[in-house]
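So you can see what is in the structure, the chains are spelled out below.
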Amino acid sequence: MLKGIALKIKAPRGTRDLLPEDMEKYRFIEGVLRETFETFGYKEVQTPIFEKFELFALRSGDEIRNTMFTFETGEGEMALRPEMTAPICRMIAEGKINLTFKPIKLYYIGRCFRYEEPQAGRYREFWQAGVELIGSKEADADAELIVLATECLKRIGIMEYELILGDVGLLRKILETFNADYEVQNKILSDIDHTQSLINKLTTLSSREKLDKNELLALKRMVYSIEERKRRIRARYSKAHDIISEIKPDTRVYRLNELHTEEIRELVLQEVEELKKMLIIQWCYEGIRIQDKIYRLPLQAGKILLRVLEQLEGDAENVLDKAMDMFKESEEVIKELERLGYIVDLLRSAGINKVTVNLGLARGLEYYTGVVFEIHFRRLGAQSQICGGGRYDRLISEFGGPNVPAAGFAFGLDRLVLALDLQGITPPRRKVRRVLVVPVKEEVRKEAFLLALRLRREGIQAEMCLAGESLREALFRANKLNIRYVIIVGPKELSRGCIVLRDMVERLQREVSLDELPKVIT
RNA sequence: GCCCGGGUAGCUCAGUCUGGUAGAGCGCGGGGCUGUGGACCCCGAGGUCCCGGGUUCAAAUCCCGGCCCGGGCCCCA
């Protein structure tokens, strides 16, 4: 049966149909973003929805291939775009934008694709809207970007957001003073990023009063893997006596179910400390392998990074003060910190009250070189990030373009819609004049048809009823469609050049001549 | 790949524990009512109870396997 076959065909996993009520929300947000981007001087661009695979592979790891929709063509492997920054940098690198008058400000709104397991707020086809600011390396530019992002949220009506500010440039500067090259920096940054998020998860889980089955299991897995790392490191790097002696296996992790909340908390705290020490061993003793070379970070550098890791998250001024003190002997680092401080100051003066600085924020992305930031809407759950961006001064030149600094950010449009719903915001309905035209007899059908057309030409949204539909039904329908005015077309009034206009709200009706009709409809 | 929850009418779901007639609300169609209101009343259509196997006199219900959807872990440009 045809019906049976048709029912089997469903939208692919991770995709959605956007129904009229969804589109209303999407278009509202899109409109606000467009308008806000444009008041900040950005111009819209579009890039292809698919690109050569290498474009996205260039600055990403090996596993990336599995997370993209790719396809072979006679002209090489292609990929549906998983993000927009690379295509825009490619466009710049190709020389399509005149860079004489910098900075260049571009924005985009479009669909992207990632082949991953769908989750709340994570789809295989999703919408991104963002901006790229090309040609300025000033701190003011970074600050303006962040202000733009928060301004968009404010105009949409999303108020509960949380801004987290980081600076990949800072850690890169520190590492540079120890001759760590770019690839080594990336590895260390990603280690810090992972450790940070692991620590975050451990501490939030252990601070709960009660853990459900799933959470307990997650916690177990995390501490088990830490224990395993401990064993491995103890077995192989016994010569790092001073630190290794502080890393002791703890069998309590294997009977987590029996422990009290307090004891779990204490245990996790201890594991977190050891986790940090293991990083030192990894970087300074084990070394970082880049292709066939191994780089060992000086112990001194490791200890500095460790100290950063201790104090690197919290209220902006707090973290910056501590960091300033920590690095007072390094002129380069202080300069970067002062720059970050200046940005925070600008954000404060723009009215952004809650600014968290996390110096370990690496955004999992290798192309960032300076300030990075994320905006979260915590109530969204596991996927709470609604905006992310930062400075990527090297990316355009890596695509073979000129050496120009650049920075940008992107919103996840789908998550903005979810946040909008959670905040109970309904997009303001634009004012439209709406009528329902009802021919009351078969013989006036043509007149009613032409009247509807005439009203539409006046910019009025006119719905038509079929002749033969009873007036009762028509009024019923007007109510359901929320249409205020019903135009009743009958032969009696028509012979006088009039119709009956019924106001559903006031429950009143009167005769109106055809000529003045458009004027009385509001 | 792993963990948890779900799949019953067009939609939202109850029924599953404790096996025994397939249910509700909303929606849909018809009528009360072909020139005047959202209510109400009456009637009706609509189901492989996700699929396959097993247990049983008997399975939506219990057992095993699979598929799909959602949430979470991992990952996240």
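This is a predicted model, so every value here is computed, not measured.

Thresholds applied
Residues numbered from 1 in each chain as written. Chains lettered and ligands numbered in written order. Predicted model: local features only at pLDDT ≥ 70, side-chain atom pairs only at ≥ 80, totals over all residues. Heavy atoms only, no water. Helix = DSSP H or I, 4+ residues; strand = E, 2+ residues; numbered from the N terminus. Buried < 20%, exposed > 50% of the residue type's maximum accessible area, 1.4 Å probe, protein only. Contact = heavy atoms within 4.5 Å. Domains from an automatic or database assignment. Salt bridge = Lys/Arg side-chain N within 4 Å of Asp/Glu carboxyl O. Core = buried A, V, L, I, M, F, W, Y, C linked by side-chain atoms within 4.5 Å. pLDDT = per-residue confidence, 0-100. Pairing = 2+ DSSP bridges. Axes fitted to C-alpha atoms, helices over the stretch in contact; angles between N-to-C directions. Parallel < 35°, antiparallel > 145°, perpendicular 65-115°, else oblique. Left-handed = near helix turned anticlockwise from the far one by under 90°. Nonpolar A, V, L, I, M, F, W, Y, C, P; charged D, E, K, R; others polar.

1. Section: the environment of Pro 402
Then comes step 1: Along the chain, the position of Pro 402 falls in the loop between helix H14 (395-398) and strand S14 (406-412).
Then comes step 2: Looking at Pro 402, the relative accessible area reads 36%, which means it is partly exposed.
Then comes step 3: Apart from residues lying up to four places away in sequence, Pro 402 is in contact with Leu 99, Ile 396 and Ser 397.

2. Some remarks on the domain arrangement of chain A
Then comes step 1: When cut into domains, chain A gives domain 1 (16-161 + 377-430), domain 2 (179-297) and domain 3 (434-520).
Then comes step 2: Taking only C-alpha atoms, the centre of domain 1 and the centre of domain 3 are 46 Å apart.

3. Considerations on unusual backbone geometry
Then comes step 1: Across the junction of Lys 102 and Pro 103, the peptide omega takes the value 0°, indicating a cis bond.
Then comes step 2: Positive phi, close to 60°, is recorded for Asn 179, a residue that is not glycine.
Then comes step 3: Residue placement: Asn 179 occurs in the loop between helix H6 (168-176) and helix H7 (182-206).
Then comes step 4: Judged by relative accessible area, which is 65%, Asn 179 ranks as exposed.
Then comes step 5: The phi angle at Arg 507 is positive, at roughly 60°, despite the residue not being glycine.
Then comes step 6: Inspection of the secondary structure puts Arg 507 in the loop between strand S18 (498-503) and strand S19 (508-513).
Then comes step 7: Take Arg 507: its relative accessible area is 67%, and that puts it in the exposed class.

4. Some thoughts on the pattern of salt bridges
Then comes step 1: Inspection of the entire model under this criterion finds 35 salt bridges.
Then comes step 2: A salt bridge links Arg 445 to Glu 442, with the shortest nitrogen-to-oxygen separation between them at 2.6 Å.
Then comes step 3: Residue classification places Arg 445 among the partly exposed residues on the basis of a relative accessible area of 40%.
Then comes step 4: A single salt-bridge network, built from bridges that share partners, covers Arg 27, Glu 30, Arg 34 and Glu 44.

5. Notes on the nonpolar core
The nonpolar side chains of a soluble globular protein tend to be buried, and buried together.
Then comes step 1: Among the nonpolar cores identified, the biggest contains 140 residues, and Leu 33, Phe 37, Leu 165, Phe 409, Phe 411 and Leu 416 are the most heavily contacted of them.
Then comes step 2: Each of two domains, domain 1 (16-161 + 377-430) and domain 2 (179-297), supplies a minimum of three residues to this core.
Then comes step 3: If we ignore the near neighbours within four places in the chain, the residues touching Leu 33 are Ala 129, Cys 152, Ile 156, Phe 411, Leu 413 and Leu 416.
Then comes step 4: The next biggest cluster of nonpolar side chains, apart from the first, holds 18 residues, and it includes Ala 452, Leu 455, Val 512 and Leu 517.

6. Thoughts on the confidence of the model for chain A
Then comes step 1: Looking at chain A as a whole, the pLDDT averages 87, with 94% of positions reaching at least 70.
Then comes step 2: This stretch, residues 1-7, has a pLDDT under 50; its non-local contacts, to residues over four places away or in other chains, come to zero contacts.
Then comes step 3: Predicted complex metrics record ipTM = 0.81 and pTM = 0.88.

7. Digging into helix H4 (residues 85-93)
Count 3.6 residues to each turn of an α-helix, and residues three or four apart come out pointing the same way.
Then comes step 1: Buried residues dominate H4, accounting for nine of its nine residues.
Then comes step 2: Along H4, the positions that sit buried rather than exposed are Thr 85, Ala 86, Pro 87, Ile 88, Cys 89, Arg 90, Met 91, Ile 92 and Ala 93.
Then comes step 3: Its buried side turned inward, H4 meets strand S2 (50-52), helix H3 (53-57), strand S5 (104-113), strand S6 (125-134) and H14.
Then comes step 4: Gly 95, located one to two residues past H4, shows a positive phi value of around 80°.

8. Describing the environment of Leu 508
Then comes step 1: Of note, Leu 508 is situated in strand S19.
Then comes step 2: Take Leu 508: its relative accessible area is 54%, and that puts it in the exposed class.
Then comes step 3: If sequence neighbours within four positions are ignored, Leu 508 has contacts with Leu 501, Arg 502 and Asp 503.

9. As for the sheet that holds strand S11 (residues 355-358)
Then comes step 1: Strand order in the open sheet formed by nine strands is S1-S5-S6-S14-S13-S12-S7-S11-S10, with mixed pairing between adjacent strands. Sheet topology places strand S1 (43-44) and strand S10 (313-315) at the edges, where each strand pairs with a single neighbour.
Then comes step 2: Bridging between S5 and S6 involves 10 bridges; their strand directions are antiparallel. The partner of Gly 110 across the bridge, within S6, is Gln 128.
Then comes step 3: The strands that H4 touches are S5 and S6; relative to S5, the one it contacts most, it runs at about 135°.

10. A closer look at the packing of helix H12 (residues 316-326) against helix H13 (residues 331-349)
Each pair of packed helices can be described by the angle between their axes along with the distance between the axes.
Then comes step 1: Where H12 meets H13, the closest approach of the two axes is 10 Å, and the angle between their N-to-C directions is 165°. Put simply, H12 runs roughly antiparallel to H13. When the axes of H12 and H13 are compared, the crossing they make is left-handed. From H12, Ala 316, Glu 317, Leu 320, Ala 323 and Met 324 reach across to H13, where they touch Ile 334, Leu 337, Glu 338, Leu 340, Gly 341, Val 344 and Arg 348.
Then comes step 2: Residues of the contact of H12 with H13, tallied by class, amount to eight nonpolar, one polar and three charged.

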